[in-house]
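Notes for the structure review
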Amino acid sequence: MKRKITLKQIAKELDVSISTVSKALRNSVEISEDTRQKVQAFAKLYNYRPNNIALSLKNRKTKTIGIIIPEIVHYFFSTVITGIELVANKRGYNVIVGLSNESFDKEVINMQMLANGSIDGFILSIAKETLLQQDYHHFTETINQGMPIVMFDRVVNEIPCDKVVVDDVKGAKQAVGKLVASGCKNIAIITTKDYVSVGKLRTQGYLEALEEHKIHPKASLILKIEDKLLSDDHLDKLEKEIELLFKSNKSIDGIFAVNELYAVTAIKVARKLGLEIPKSLQVVSFTDGVLSKHSTPSLTTVSQHGQRIGEKAADLLIDRLEMDEGDEEEEEVYETVVIETDLIERESTK
């Protein structure tokens, strides 16, 4: 059984561009008869079948970028889109936003629809269901068909593409360090299940910070939430789980939450239980959004600089789209850009 071959591999084997292979397979008169026959024979030999996920190739520029995000209500993702649009518009590109709703199937369908002649490349943050299933075939196929991807925030190391992230471990250590410096000794974390990459990294930062400050971590102080889309049922369940955390651990004096929804919910539950903030409980979270600024008390947060992430992601993608065709034949080198986080202190800490 012959190995499955991609458009990119055919181009490499025959020492031509991806664009030439694509045109030759479609019998384009722009390509010489000799090259067309050579490409088609090679494709037939290796039983090549074009993937329908990426038909908009570099010879059919749309000057449009596809953005796939997991949810629209999250303030962080809206700031990233703002950053992408600023750079894209400045450089003559438009953007189309697709929503995965944290669903693997919707993520794949969005990419198929947009890649079918609508866009030149993708900027995306991976859906939680995709991370859980660890099925990344749609990313690999898209890249192999010559359509570049830039991942941000939630990324996977297995996919060769440009990435823009924050140092989640360092940001978490900074947050927990603030709680320790403010006198907290029993610090709980409200985080996601480990398959969500950013939650796992922030949990790692929490554990490292405790270790550095000679505080022994306790399993009872680690609450991992099965995070689904926002709904009344989910929010009620979240409140109940946080309430159980407090009632099971009366000595908690600090909370580190991996996102602002968890933090604001923790403040709501704590106040219902009669805890004063920040006098008897201090709270720090990741993501400096609208909830953080307007919660009571206002929330100390780790800022991810979403707009900066979006701007950098757009520059990386457009630079790759506008690369000279001769450069395509060289071994591709991908970049992972790390955006520094900042701790923004407000009323939820001393």
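Provided above is the structure to which this section pertains.
Let me begin by describing the structure that accompanies this report. It should be emphasised that the depicted structure is a prediction, and the values quoted were computed from it without experimental measurement.

**Section: the packing of helix α2 (residues 18-25) against helix α3 (residues 33-45)**
- Put simply, α2 and α3 touch, their axes get as near as 9 Å, and they point 85 degrees apart. Taken together, α2 and α3 sit at an angle that is classed as roughly perpendicular. Where α2 abuts α3, its residues Thr20, Val21, Ala24 and Leu25 lie against Thr35, Arg36, Val39, Gln40 and Ala43.
- Here the residues of the contact of α2 with α3 sort into 5 nonpolar, 3 polar and 1 charged.

**What to know about the packing of aromatic side chains**
- Counted by the stated rule, this structure contains 6 aromatic pairs.
- Consider the rings of Phe76 and Phe152, whose centres lie 6.4 Å apart with planes at 55 degrees: the pair is tilted. On the criterion of sequence distance, the pair formed by Phe76 in helix α4 (residues 75-90) and Phe152 in strand β4 (residues 149-152) is long-range, its members being 76 residues apart.
- Judged by relative accessible area, Phe152 falls into the buried class, the value being 0%.

**Considering the side chain of His138**
- By the element assignment, His138 lies in helix α7 (residues 137-144).
- Taking relative accessible area as the criterion, His138 reaches 0% and is therefore assigned buried.

**Points about the sheet that holds strand β1 (residues 64-69)**
- Spatially, β2-β1-β3-β4-β5-β11 is the arrangement adopted by the 6 strands of the open sheet, whose pairing is parallel. Every other strand in the sheet has two partners, leaving β2 (94-99) and β11 (336-339) as the edge strands with one partner each. The mean inter-strand angle of the sheet, taken between neighbouring strand axes irrespective of direction, is 20 degrees.
- Note: strand β5 (residues 162-166) against β11, 4 bridges, orientation parallel. Across the sheet, residue Val166 finds its bridge partner in β11, namely Ile339.

**Here we look at the environment of Ser197**
- Of note, Ser197 is situated in helix α9 (residues 197-212).
- Note: C-alpha distance between Ser197 and Val155 (42 residues apart in sequence) is 7.3 Å.
- Beyond its immediate stretch of four places on either side in the chain, Ser197 contacts Leu131, Arg154 and Val155.

Scoring rules and cut-offs
Residues numbered from 1 in each chain as written. Predicted model: local features only at pLDDT ≥ 70, side-chain atom pairs only at ≥ 80, totals over all residues. Heavy atoms only, no water. Axes fitted to C-alpha atoms, helices over the stretch in contact; angles between N-to-C directions. Helix = DSSP H or I, 4+ residues; strand = E, 2+ residues; numbered from the N terminus. Parallel < 35°, antiparallel > 145°, perpendicular 65-115°, else oblique. Contact = heavy atoms within 4.5 Å. Nonpolar A, V, L, I, M, F, W, Y, C, P; charged D, E, K, R; others polar. Phe/Tyr/Trp six-rings, centres within 6.5 Å; stacked < 30°, edge-to-face > 60°. Buried < 20%, exposed > 50% of the residue type's maximum accessible area, 1.4 Å probe, protein only. Pairing = 2+ DSSP bridges.

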